[in-house]
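A look at the structure
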Amino acid sequence: MAVLKVKFTKTKRDKLAQILWILNWVSVLSGIILFSLGLFLKIEIKKRNEVMAKGDVNSVPNMLISVGVIACIINFLGGKICYDCSDANKFSRWKLVMLPYIVCTFCFTFCILVGALMCYTMRNELEESLYLGLRDAIKFYKDTDIPGRCFLKKTVDMLQIRFQCCGNNGFRDWFEIQWVSVRYLNMASKEVLDRLKSNVDGKFLVDGVPFSCCNPSSPRPCIQYQLTNNSAHYNYDFLTEELNIWVKGCREALLDYYTAIMRSIGIAALLIWLFELSVLIGVRYLQTAMKNVLLLGDLEGESDGWLLENSFVETAKYNISIIKNLGKANQISTVSGMNDPNIDVQNTNCGKNNITTKSIPAA
């Protein structure tokens, strides 16, 4: 029994073909939107590429870009097919193409759904990439004289100013690394030498942060050095006073930023998927209705259209049987006891049963 069968008149078929022709051109625009969203996300990720570890963070934008290009191609072809389907004579040349086209379009719409869902599942990979990338960027913050790392100080400073954050997990990350270059340390100073000797690794560690961690909205001048020393500043209590530096870590700030972008892109991709799915359903109805018109032979009469010719269970069983039988054609069974399939073929009796065999004379 056909699933969701609908009866179409000649007028309804023509209107359906015209509507689908317009919707396919709208779908071309939706493909351009998907492409643009993927390109935008890729550019935004590339902007912070210096503070991200190499990973699969580009899988989502690459998926959206690919799906967007395929959408433009498929829907452009679909518009041409639907336009010709208003004429039964023109439809005959597309008759064999329609079903493969619908199958390919179904796979394509499934890819859109996967891309939309990936926007919501990418957070863990992105968080790990940011954690590792920011850790290395902060670690090499002081290496302003080393080729390949000299740009990291500016990158980290601009990042902390732009996103109002400090450190990887927080401002205390700066307490655990030497972020001041040796060239700016006075090696003749006893205080500097004592700090270098007091550390096992010989690093110059201070309870301070770079200037880019300062909050310009604070009414008090920025306290970026000796943050945990109450006696170093007038009327200052580290434990109770609100610090005038950014408290949020840059990993959290960047993760919130990209999560908001991907959430918006995911919603847009889901809406496009629903739209493409509705167009696909319409094309399926048009294909089955036009096919039945040709079978009936009455181009002006009514015809039935449906989503599936049989029930879901029967269709699933049929497709599973096709998959199972793939590659089994023309195979000869080697199971013991099996007879040759040609043995049971009856031979034609063209004469007497008993035929005397003549002996061959000796040479």
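Residues numbered from 1 in each chain as written. Predicted model: local features only at pLDDT ≥ 70, side-chain atom pairs only at ≥ 80, totals over all residues. Heavy atoms only, no water.

**Quick word on the packing of helix H5 (residues 123-139) against helix H8 (residues 250-296)**
Working note: a packed helix pair is described by the angle between its axes plus the distance between those axes. Their axes nearest at 10 Å, the elements H5 and H8 cross at an angle of 145°. Here H5 runs over H8; the crossing is right-handed. Judged by residue contacts, Arg123, Leu126, Glu127, Leu130, Tyr131 and Leu134 of H5 engage Cys250, Arg251, Leu254, Leu255, Asp256, Tyr258, Thr259 and Met262 from H8. Of the residues assigned to the contact of H5 with H8, the class counts are nine nonpolar, one polar and four charged. (Axes fitted to C-alpha atoms, helices over the stretch in contact; angles between N-to-C directions. Helix = DSSP H or I, 4+ residues; strand = E, 2+ residues; numbered from the N terminus. Left-handed = near helix turned anticlockwise from the far one by under 90°. Contact = heavy atoms within 4.5 Å. Nonpolar A, V, L, I, M, F, W, Y, C, P; charged D, E, K, R; others polar.)

**Observations regarding the packing of helix H6 (residues 152-163) against H8**
In contact at an axis separation of 10 Å, H6 and H8 are set at 65° when each is read in the N-to-C sense. For the crossing formed where H6 meets H8, the hand is left-handed. Judged by residue contacts, Leu159, Gln160, Arg162 and Phe163 of H6 engage Cys250, Ala253, Leu254 and Tyr257 from H8. Class assignment of the residues belonging to the contact of H6 with H8 gives a composition of six nonpolar, one polar and one charged.

**Focus on the nonpolar core**
With 81 residues, the main nonpolar core has Trp174 and Val209 as its most contacted residues. Only helix H1 (10-47), helix H2 (59-84), helix H4 (95-121), H5, H6, helix H7 (190-198) and H8 provide two or more residues apiece to this core. Among the elements that take part in this core, H8 stands out by supplying 18 residues, more than any other. Not counting residues up to four positions away in its chain, the partners in contact with valine 209 are Cys166, Phe171, Trp174, Phe175, Trp179, Gln224, Leu227 and Ile245. (Core = buried A, V, L, I, M, F, W, Y, C linked by side-chain atoms within 4.5 Å. Buried < 20%, exposed > 50% of the residue type's maximum accessible area, 1.4 Å probe, protein only.)

**Regarding the state of the cysteines**
A full pass over the atoms with the stated rule returns three disulfides. Here cysteine 165 is linked by a disulfide to cysteine 250, with a sulfur-sulfur distance of 2.1 Å. Disulfide cysteine 165-cysteine 250: torsion about the S-S bond near 90°, hence right-handed. One end of the pair, cysteine 165, is in the loop between H6 and H7; the other, cysteine 250, is in helix H8, and 85 residues separate them in sequence. Look at cysteine 165 and you get buried, because its relative accessible area is 0%. Assessed through its relative accessible area of 2%, cysteine 250 is described here as buried. (Disulfide = S-S within 2.5 Å.)

**Some words on the UniProt feature "transmembrane region" (unreviewed entry) in the chain**
Here, the residues flagged by UniProt with the feature "transmembrane region" (unreviewed entry) are residues 20-40, 60-78, 98-120 and 265-286. Between the C-alpha atoms that bound residues 60-78 the distance is 26 Å, and the span itself is 100% helix and 0% strand. A helix fraction of 100% and a strand fraction of 0% characterise residues 98-120, whose end C-alpha atoms lie 34 Å from each other. (UniProt positions renumbered as here; feature names shortened; annotations may be inferred.)

**What about the pattern of salt bridges?**
A full pass over the atoms with the stated rule returns 10 salt bridges. A salt bridge links arginine 135 to aspartate 136; its shortest N-O distance comes to 3.7 Å. Its relative accessible area of 43% is what places arginine 135 among the partly exposed residues. Of the residues examined, aspartate 136 reaches a relative accessible area of 32% and is grouped as partly exposed. The partner of aspartate 194 in a salt bridge is lysine 190, and the shortest N-O contact between them spans 2.8 Å. Residue aspartate 194 and its partner lysine 190 are both found in helix H7; the two are separated by four residues, about one turn of the helix. Exposure remark for lysine 190: the relative accessible area of 61% places this residue in the exposed category. Here the residues in one salt-bridge network are Lys142, Asp143 and Arg149, joined through shared partners. (Salt bridge = Lys/Arg side-chain N within 4 Å of Asp/Glu carboxyl O.)

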